[in-house]
Amino acid sequence: MKKFTPFCIAFLFAIISTAVNAQTLKFGHIDLQALIQVMPERDTTETEFNKFQTELEDILTDMQKDYQTRLGELEQLDENASELKRNAKISELQSLEKRIQDYRMNGQQQIQQKYQELLNPLYEKAMEAINAVAREQELLYVFETSSNVVLYKSNQSMDLLPLVKQKLGIE
């Protein structure tokens, strides 16, 4: 009987641990891009980004107008103009052309940085809400579906978009 008791205890322990491990695994999914698109802050962010982009484009337009003006001046130099004057105008044009190219490259980088700078707070707010809902729903994992990385999504996976929108107060 004494040998039987440890065996029974081990058997019960095995059954209990199996029952604990067999609890339902809960997964969720969300389209993060769809959430960001419906957040009210998105409109303000987009307006600010468009304003920034327009300012950069206006500066580039002014530089291109200046280039065209100087090119016209070079073309209007008559045959009596000295080689020194002609070379100075060509040098000015080349310098301005280089500045325009550099401005375009820097402008693209600035646009990308500004976009990230403006969207990061939205993503942080969305992630906080997603994490809160996932904890409330006791989910083990939440998959992001807009990136098309999820190869299969069961009907048992919980769509968090409505719950996160509710958490953020979005209709």
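Given the structure is predicted, the values throughout are model-derived calculations rather than measurements.

Colleague: Provide a residue-level description of the overall build of the protein, including the pertinent values.
Modeller: In terms of helices and strands, the protein carries 5 helices and 3 strands. Written out in order from the N terminus, the α and β elements of the protein read α-β-α-α-α-β-β-α. Scored against the burial criterion, the 171 residues of the protein give a buried share of 23%. Within the protein, contacts between residues at least 6 apart in sequence are counted, and of these 84% link residues at least 24 apart. Split by element, the accessible area of the protein, about 12900 Å² in all, is 54% carbon and sulfur.

Colleague: Requested: an account of a nonpolar patch on the surface, with residues and values cited.
Modeller: There is a patch of nonpolar side chains on the surface, built from L25, F27, L140, Y141 and F143 and spanning about 510 Å² of accessible area. One can find Y141 in strand 2 (residues 141-144).

Colleague: Tell me what's going on with a negative patch on the surface, and back it up with residues and numbers.
Modeller: Together, E55, E57, D58 and D62 make up a region of like negative charge exposed at the surface. With respect to the helices and strands, the residue E57 is situated in helix 3 (residues 41-76).

Colleague: Requested: an account of helix 4 (residues 83-136), with residues and values cited.
Modeller: Compared with an ideal rise of 1.5 Å per residue, which puts 54 residues at 80 Å, helix 4 spans 79 Å between its outermost C-alpha atoms and is within 8% of the ideal. At L119, helix 4 is deflected by roughly 35°, the largest bend along its length, and proline P121 occurs up to four residues later in sequence. A positive phi of about 55° marks E138, the residue just after helix 4.

Colleague: Just give me the short version of the packing of helix 3 against helix 4, but keep the residues and values in it.
Modeller: Between helix 3 and helix 4, the least distance of the axes is 10 Å, while the angle of their chain directions is 175°. Taken together, the axes of helix 3 and helix 4 lie roughly antiparallel to each other. In the contact of helix 3 with helix 4, the residues fall into 19 nonpolar, 5 polar and 14 charged.

Colleague: For the nonpolar core, give the residues involved together with the corresponding values.
Modeller: Grouped together as the largest cluster of nonpolar side chains are 17 residues, with contacts concentrated most on I30, L35, M39, A126, I130, L160 and V164. Of all the elements in the fold, those that place two or more residues in this core are helix 2 (32-38), helix 4 and helix 5 (161-168). Counting residues in each nonpolar core, the second largest holds 14 residues, with F49, L96, Y103 and I111 among its members.

Basis of the calculations
- Residues numbered from 1 in each chain as written.
- Predicted model: local features only at pLDDT ≥ 70, side-chain atom pairs only at ≥ 80, totals over all residues.
- Heavy atoms only, no water.
- Helix = DSSP H or I, 4+ residues; strand = E, 2+ residues; numbered from the N terminus.
- Buried < 20%, exposed > 50% of the residue type's maximum accessible area, 1.4 Å probe, protein only.
- Contact = heavy atoms within 4.5 Å.
- Areas by Shrake-Rupley, 256 points an atom, 1.4 Å probe, with all protein chains shown as cover.
- Patch = residues over 30% accessible without salt bridge, like charges linked within 9 Å, V, L, I, M, F, W, Y side chains within 5 Å.
- Salt bridge = Lys/Arg side-chain N within 4 Å of Asp/Glu carboxyl O.
- Lys, Arg positive; Asp, Glu negative; His and termini not counted.
- Charge placed at Lys NZ, Arg CZ, Asp CG, Glu CD.
- Expected span 1.5 Å × (residues − 1).
- Bend = angle between axes of the 7 residues up to and from the residue.
- Axes fitted to C-alpha atoms, helices over the stretch in contact; angles between N-to-C directions.
- Parallel < 35°, antiparallel > 145°, perpendicular 65-115°, else oblique.
- Nonpolar A, V, L, I, M, F, W, Y, C, P; charged D, E, K, R; others polar.
- Core = buried A, V, L, I, M, F, W, Y, C linked by side-chain atoms within 4.5 Å.

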